[in-house]
Amino acid sequence: MRHLLSAADLDAETAILVLDTAAELAAVTDRSVKKLPTLRGRTVVNLFFEDSTRTRISFEMAAKRLSADVINFAAKGSSVSKGESLKDTALTLEAMGADAVVIRHHASGAPHRLATAGWIAGAVVNAGDGTHEHPTQALLDAFTLRRHLRGGTGGLEGLRVTIVGDVLHSRVARSNVLLLATLGADVTLVAPPTLLPTGVHEWPCRVSYDIDAALPASDAVMMLRVQAERMHDAYFPSAREYSRAYGLDRDRLGALPDHAIVMHPGPMNRGMEISAEVADSDRAVMVEQVTNGVSVRMAVLYLLLGGSTGES
Ligand code: ASP
Ligand code: CP
C-alpha cells in the first residue's frame with residue numbers, strides 16, 4: 001500500500017491487516033506511556049482545507065504516538081486564502097520534506113490528484129474529499145463493528161449493517177459500503193429518494209426507503225449527518241418531517257435486536273437524524289468510534305511509512 005485514497009484500494013487481506021495492526025497498536029494506547037519510537041524522524045503533514053475535529057486530531061495523535069513530527073496545516077489562515085493553488089501548496093510541503101500528507105479537501109478527487117501528479121513523493125492519505133470518500137472512517141467503523149459483534153477477529157461475513165440518512169452528500173457512506181462489502185457484510189442503505197446518489201443501485205448493497213422495515217434485521221445501524229452545508233436545494237419538506245421519517249428515536253431503537261449497536265461518524269445533529277436520548281444511550285458507540293479512530297490511523301501511518309525507525 002503506497003497511498004490510501006479510497007476504500008476500494010483495500011482488498012480483504014489488506015483491510016484485515018490494517019484492522020489487526022490497529023488492534024495491536026490499541027494495546028499500546030492502553031498503556032500509561034503511550035508512545036512507540038516507530039516513526040521517529042518522519043514528518044506527517046495534516047493538510048486540511050475543510051473543517052474537522054475528530055479526523056484531524058486523531059491523525060495528529062496517531063502520528064505523535066508513533067513519534068513522528070506533525071505539522072498541522074489549515075487552509076484558513078494559510079496562503080490558500082491569498083489564492084495559492086493545491087499544486088503550489090503541495091510543492092511547498094514537498095520542499096520541506098513531508099513523508100506523508102493527510103489531506104481533507106472540499107473537492108472530490110483532490111487526494112488522488114495529489115498522489116498522482118508527482119508534486120509530492122510521500123504517501124497520501126485521504127481524510128475526506130468532497131462527497132467522495134473517507135476511507136479511514138470506514139476502517140474505524142469496521143474495527144468498531146468487528147470488536148463489538150465479531151469478537152475482534154476475522155472479517156464481517158454476513159453482518160447486517162444499515163446505513164441511514166444523507167447518502168447523497170456522504171463520503172462516509174460510500175467508503176463504508178465499499179469496505180464492508182469487501183469484508184463480507186450485508187449492507188442496506190436507507191434514505192429518502194432525494195438523498196440517494198444516481199448510480200446507487202450499482203453499489204454493492206441493498207437500497208431501501210423504509211427505515212422501520214430495515215431496523216429489526218440489523219446488527220448495527222449507522223446514522224449519517226444531514227449535511228446542510230452541502231445542500232443548495234430543499235431535499236425534504238422540513239427538519240421535523242425528516243426526523244419523523246428517518247430519525248433514530250427511542251421507539252425505533254426498541255425495534256433493533258438486543259445486540260445491535262448504534263453508530264454515527266460525527267458530528268451529530270442531535271434531534272435531527274438521532275435523538276439526544278439515543279445518542280446518549282448505552283447502545284451508542286460513538287465515543288468508541290473516536291477512540292478506535294486513533295488506533296486505526298496509527299495502523300495506516302505505520303503501514304504506509306513502513307514502520308521503520310531509520311538509523312536513530
Ligand atoms: N465527519 C464526517 C465527514 O467529514 C461525517 C460528517 O461530517 O457528517 O465526512
Ligand atoms: N467523522 C469525522 O470525519 O469527523 P470530523 O469531520 O470532525 O473530522
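Residues numbered from 1 in each chain as written. Chains lettered and ligands numbered in written order. Predicted model: local features only at pLDDT ≥ 70, side-chain atom pairs only at ≥ 80, totals over all residues. Heavy atoms only, no water.

Novice: So what's going on with the nonpolar core? Residues and values would help.
Specialist: Counting 88 residues, the largest nonpolar core has Leu139, Leu145, Ile163, Leu179 and Val262 as the members making the most contacts within it. The contacts of Leu145, once residues within four sequence positions are left out, are Arg150, Leu156, Leu159, Val161, Leu180, Ala220, Ile261 and Met263. The next biggest cluster of nonpolar side chains, apart from the first, holds 18 residues, and it includes Phe49, Ile103, Ala115 and Ile120. (Core = buried A, V, L, I, M, F, W, Y, C linked by side-chain atoms within 4.5 Å. Buried < 20%, exposed > 50% of the residue type's maximum accessible area, 1.4 Å probe, protein only. Contact = heavy atoms within 4.5 Å.)

Novice: Requested: an account of the site of ligand 2, with residues and values cited.
Specialist: The environment of ligand 2 is formed by Ser52, Thr53, Arg54, Thr55, Arg104, His134, Gln137, Pro265 and Gly266. Measuring from an oxygen atom of ligand 2, one finds a side-chain N or O atom of Thr55 at 2.6 Å. Within the side chain of Arg104, a nitrogen or oxygen atom sits 2.9 Å from an oxygen atom of ligand 2. For ligand 2, the accessible surface in isolation is 260 Å², of which the surrounding protein chains cover 91%. Placement of ligand 2 is best described as lying within the largest pocket. Across the shell around ligand 2, the residue classes tally to 1 nonpolar, 6 polar and 2 charged. (Near = heavy atom within 4 Å. Polar contact = N/O pair within 3.5 Å; in protein donor to acceptor, adjacent residues only side chain to side chain. Areas by Shrake-Rupley, 256 points an atom, 1.4 Å probe, with all protein chains shown as cover. 1 Å grid on protein atoms, 1.4 Å probe; cavity = no way out; pocket = protein on both sides within 12 Å on 5 of 7 lines; lining within 4 Å. Sits in = over half its atoms within 2 Å of the grid points. Nonpolar A, V, L, I, M, F, W, Y, C, P; charged D, E, K, R; others polar.)

Novice: An account of the packing of helix α1 (residues 12-29) against helix α5 (residues 135-149) is needed here, citing residue identities and associated values.
Specialist: Where α1 meets α5, the closest approach of the two axes is 10 Å, and the angle between their N-to-C directions is 70 degrees. Judged on the interaxial angle alone, α5 and α1 are roughly perpendicular. Touching Ile16, Val18, Leu19, Asp20, Ala22, Ala23 and Ala26 of α1 are Leu139, Ala142, Phe143, Arg146 and Arg147, all from α5. Taken together, the residues of the contact of α1 with α5 sort by class into 9 nonpolar, no polar and 3 charged. (Axes fitted to C-alpha atoms, helices over the stretch in contact; angles between N-to-C directions. Helix = DSSP H or I, 4+ residues; strand = E, 2+ residues; numbered from the N terminus. Parallel < 35°, antiparallel > 145°, perpendicular 65-115°, else oblique.)

Novice: Which residues make up the confidence of the model for the protein, and what values do they have?
Specialist: Summing up the model confidence of the protein, the mean pLDDT is 94 and the portion of residues at 70 or higher is 98%. Long-range and interchain partners of residues 308-312, a stretch whose pLDDT sits below 50, account for 7 contacts in this model, where long-range means more than four residues apart. (pLDDT = per-residue confidence, 0-100.)

Novice: Explain the site of ligand 1 to me, and be specific about the residues and the numbers.
Specialist: Taken together, Arg104, His134, Arg171, Val172, Arg225, Gln227, Gly266 and Pro267 make up the full set of residues near ligand 1. The separation between an oxygen atom of ligand 1 and a polar side-chain atom of Arg104 is 3.3 Å. A distance of 2.7 Å separates an oxygen atom of ligand 1 from a polar side-chain atom of Arg225. Starting from 260 Å² of accessible surface for ligand 1 in isolation, the protein chains cover 92%. Here ligand 1 occupies the largest pocket. Split into classes, the residues belonging to the shell around ligand 1 amount to 2 nonpolar, 3 polar and 3 charged.

Novice: How would you summarise the pairing of strand β8 (residues 220-223) if you had to cite specific residues and measurements?
Specialist: Across the two faces of β8 the burial is the same, with Ala220 and Met222 and Val221 and Met223 all buried. In this structure, strand β5 (residues 160-164) lies alongside β8, joined through 4 bridges in parallel fashion. Within the sheet, the bridge partner assigned to Ile163 lies in β8 and is Met222. (Pairing = 2+ DSSP bridges.)

Novice: Before we move on, could you go through the environment of Ser281 and cite the residues and values that matter?
Specialist: Tracing the chain through its elements places Ser281 in the loop between α10 (276-279) and α11 (286-304). By relative accessible area, Ser281 is classed as buried at 17%. Each C-alpha atom of the pair Ser281 and Val262 lies 9.0 Å from the other, and the pair is 19 residues apart in sequence.

Novice: Could you give me a rundown of the sheet that holds strand β3 (residues 100-105), with the residues and numbers involved?
Specialist: The strand order β2-β1-β3-β4 describes an open sheet built from 4 strands, whose pairing is parallel. Strands with a single pairing partner mark the edges of an open sheet, and in this sheet they are β2 (69-74) and β4 (123-129). Averaged over all pairs of adjacent strands, the angle between their axes in this sheet comes to 15 degrees, without regard to strand direction. Summarising the sheet, strand β1 (residues 43-48) and β3 pair through 5 bridges and their orientation is parallel. Paired with Val45 across the strands is Val101, a residue of β3. The strands touched by helix α2 (residues 54-65) within the sheet are β1, β2, β3 and β4, with β1 carrying the most contacts at an inclination of about 175 degrees.

Novice: Describe the sheet that holds strand β7 (residues 206-208), and please don't skip the residues or the numbers.
Specialist: Spatially, 5 strands are ordered β7-β6-β5-β8-β9 in an open sheet, and the strand pairing comes out parallel. One side of each edge strand has no neighbouring strand; the edge strands of this open sheet are β7 and β9 (261-263). For this sheet, the mean inter-axis angle between neighbouring strands, taken without regard to orientation, is 20 degrees. Pairing between β8 and β9: 3 bridges, direction parallel.

Novice: Which residues make up helix α3 (residues 86-95), and what are the values?
Specialist: Within α3, the full set of buried residues consists of Leu86, Thr89, Ala90 and Leu93. With its buried residues spanning 100 degrees around the axis, α3 presents them on a single face. Where the residues of α3 are buried, they touch β1, β2, β3 and α4 (110-116). Positive phi appears at Gly97, one or two residues downstream of α3, with a value of about 85 degrees. (Arc of directions from axis to C-beta.)

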